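Architecture at a glance
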Amino acid sequence: MEQTKSIMIVGVGGQGTLLTSRILGGITTQAGYDVKLSEVHGMAQRGGSVVTFVRYGKEVFEPIVEEGCADVLIAFERLEALRYAHFLKEDGVLIINDQRIDPMTVVTGAMQYPENIIENLSKDYKVVAVDAMAEAKKLGNSKVFNTIIIGVAAKQMNFAKEDWLKVIENTVPAKTVDINKQAFEVGYAL
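Let me begin by describing the structure that accompanies this report. From a predicted model like this one, the values you see are computed outputs, not experimental measurements.

All right, on to the packing of aromatic side chains then. Tallying each qualifying case throughout the model produces eight aromatic pairs. On the basis of an interplanar angle of 80° and a centroid distance of 6.2 Å, the ring pair of Y33 and F159 is categorised as edge-to-face. Within this pair, whereas Y33 is found in the loop between α1 (17-30) and β2 (34-41), its partner F159 is found in the loop between α6 (145-154) and α7 (161-171), the two being separated by 126 residues in sequence. Given the relative accessible area of 25%, Y33 is considered partly exposed. Take F159: its relative accessible area is 12%, and that puts it in the buried class. Between Y84 and F87 the ring centres are 6.1 Å apart and the planes differ by 45°, which places this aromatic pair in the tilted class. Here the two residues Y84 and F87 agree in accessibility, since each one is buried. The ring of Y188 is capped by K155, whose NZ or CZ atom sits 4.8 Å from the centre of that ring.

Before going further, it helps to examine α7. Listed as buried for α7 are W164, L165, V167 and I168. Down the axis of α7, the buried set is contained in an arc of 165°. They therefore lie on one face. Facing away from the buried side of α7 by more than 90 degrees, the exposed set consists of E162 and N170. Contact partners of the buried residues in α7: α1, α6 and α8 (177-189).

What follows concerns the nonpolar core. Counting residues in hydrophobic clusters, the biggest one holds 36 residues, and the most contacted among them are I7, L24, I74, I95, I149 and W164. The biggest single contributor to this core is α6, with seven residues. Counting 21 residues, the second largest nonpolar core, distinct from the first, contains Y84, A85, V106 and L121.

With that settled, consider the packing of helix α5 (residues 132-139) against α6. One way to put it is that α5 packs onto α6 with a least axis distance of 8 Å and a crossing angle of 120°. Crossing angle aside, the handedness with which α5 passes α6 is right-handed. Residues A132, M133, E135, A136 and L139 of α5 touch α6, and the partners they reach there are F145, I148 and I149. For the contact of α5 with α6, a count of residues per class yields seven nonpolar, no polar and one charged.

Criteria and cut-off values
Residues numbered from 1 in each chain as written. Predicted model: local features only at pLDDT ≥ 70, side-chain atom pairs only at ≥ 80, totals over all residues. Heavy atoms only, no water. Phe/Tyr/Trp six-rings, centres within 6.5 Å; stacked < 30°, edge-to-face > 60°. Helix = DSSP H or I, 4+ residues; strand = E, 2+ residues; numbered from the N terminus. Buried < 20%, exposed > 50% of the residue type's maximum accessible area, 1.4 Å probe, protein only. Lys NZ or Arg CZ within 6 Å of the ring centre and 35° of its normal. Arc of directions from axis to C-beta. Contact = heavy atoms within 4.5 Å. Core = buried A, V, L, I, M, F, W, Y, C linked by side-chain atoms within 4.5 Å. Axes fitted to C-alpha atoms, helices over the stretch in contact; angles between N-to-C directions. Left-handed = near helix turned anticlockwise from the far one by under 90°. Nonpolar A, V, L, I, M, F, W, Y, C, P; charged D, E, K, R; others polar.

What follows is the structure, given as structure tokens:
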């Protein structure tokens, strides 16, 4: 690998950003890379922004991803994608879960939720949008939507599908291994 790769995961508290970062950390560690993870919490327990960085390469000194430097930005919610898109590098990929979760400022009426977020971001960035929540509900478990997103993200990274499945098996709670593997397969096929 010629250079350090940077992945940024953004979402709302309770969406599984931390589990996602652990799976990404696991796949990169298993491949023999030096990996640094950093978790930046906002008001996670109140539905606020949660940001996680995963950086991997031959030698990584700093876990934080600078603006304009993320190779992949995974957003679990549309507004979070809009809020953090400027962290993406020019040829980076923005993976968006097409879901709307109103922040408190919108709930209280202080702010409006922006319209056409995905369409507007698509003008400036390479966007892969997927309704992972709808896919997760088809599997009968809305909690695995983040594993569907990981499956989508896996197509943008050079690791074998079998390795992803092994890391998922070793990372998610034992009783959820099968449904998470199914969810990954759904995302990988999208």
